[in-house]
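Now for the letters of each chain:
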Amino acid sequence: MILRYLILFVGIVLMITGCNSLISQNFGTHRLRTVDIAVAAAGGLGDADYVELNNAVLGTAMIVGPALRATDKDYVLRPILTEEQAASWEGGQTITTNLVAWTETEVPACTTPPGCPPPAAAPVRGLLSEPTWRKNPTEAWAGQRIALADETSYLQLGEKPMAWYWNLLLFFGGIGLAIVPEARRFKQQRTPPGEG
């Protein structure tokens, strides 16, 4: 009985998740939004999940969130700055930012300065997603002359929302998991003994 309800619940969750993601991808927060860095630095990302920041500069400063186990990856975090902030930082000033980019890496050379920054021409694009706090040593920013604003957004570089066909599969898989077993059970209860 409990297993039956658990399967039904999982099916409903998968169905809702798939449907919600399909709608968001085409009409909502999962659609790519292009935002100027000046707007983003003023807190103008709104409810976006997938963004590209125009005129943004990935800072030279970096901190590393070390892997927690052998199968894990290191996190490399860099501030996302306006051109003016980048110039001020290069001039020796401490900069306050509300935007941090992060990536995962297994390459040891990428965890020591200057690391492996993306090419300057590469777009600053990714999913707004906060890294796990265990690999986000925010106290290390002070040594890099970076201060974080009270409300800081994290951009996982290069990440995209799940492709539409996987969301569709989730939706139909959820329907199958939620409805098919219940329909079979209902049919068996309606079938008189000796028939079927």
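In this report, we go over the structure that sits alongside the text. (Residues numbered from 1 in each chain as written. Predicted model: local features only at pLDDT ≥ 70, side-chain atom pairs only at ≥ 80, totals over all residues. Heavy atoms only, no water.)

On to the packing of aromatic side chains. Taken as a whole and assessed by the stated rule, the structure comprises one aromatic pair. Ring geometry for Tyr75 and Trp102: centres 4.6 Å apart, planes at 40°, overall tilted. With Tyr75 in strand E5 (residues 74-81) and Trp102 in strand E6 (residues 95-105), this pair connects stretches of sequence that are 27 residues apart. A cation over a ring is seen here: Lys135 above Tyr75, with NZ or CZ 3.8 Å from the ring centre. Against the face of Trp89 rests Arg145, its NZ or CZ located 4.4 Å from the ring centre. (Phe/Tyr/Trp six-rings, centres within 6.5 Å; stacked < 30°, edge-to-face > 60°. Helix = DSSP H or I, 4+ residues; strand = E, 2+ residues; numbered from the N terminus. Lys NZ or Arg CZ within 6 Å of the ring centre and 35° of its normal.)

With that settled, consider the environment of Leu99. Among the structural elements, Leu99 can be located in strand E6. Exposure remark for Leu99: the relative accessible area of 3% places this residue in the buried category. In this structure, the C-alpha to C-alpha distance between Leu99 and Leu128, residues 29 residues apart in sequence, is 10.0 Å. Beyond its immediate sequence surroundings of up to four residues, Leu99 is in contact with Ile37, Ala40, Ala41, Leu45, Leu53, Pro79, Ile80, Thr152 and Ser153. (Buried < 20%, exposed > 50% of the residue type's maximum accessible area, 1.4 Å probe, protein only. Contact = heavy atoms within 4.5 Å.)

Inspection of every chain in the model, using the stated rule, returns three salt bridges. A salt bridge links Glu52 to Arg125; the nearest nitrogen and oxygen atoms lie 2.7 Å apart. With a gap of 73 residues between them, Glu52 in strand E2 (residues 50-54) and Arg125 in strand E7 (residues 124-128) connect regions that are remote in the sequence. The partner of Asp72 in a salt bridge is Lys135, and the shortest N-O contact between them spans 3.0 Å. Here the residue Asp72 occupies a position in the loop between strand E4 (63-65) and E5, and Lys135 occupies one in the loop between E7 and strand E8 (146-157), the gap between them amounting to 63 residues. Looking at Asp72, the relative accessible area reads 17%, which means it is buried. (Salt bridge = Lys/Arg side-chain N within 4 Å of Asp/Glu carboxyl O.)

Read these as geometric descriptors, not functional statements.
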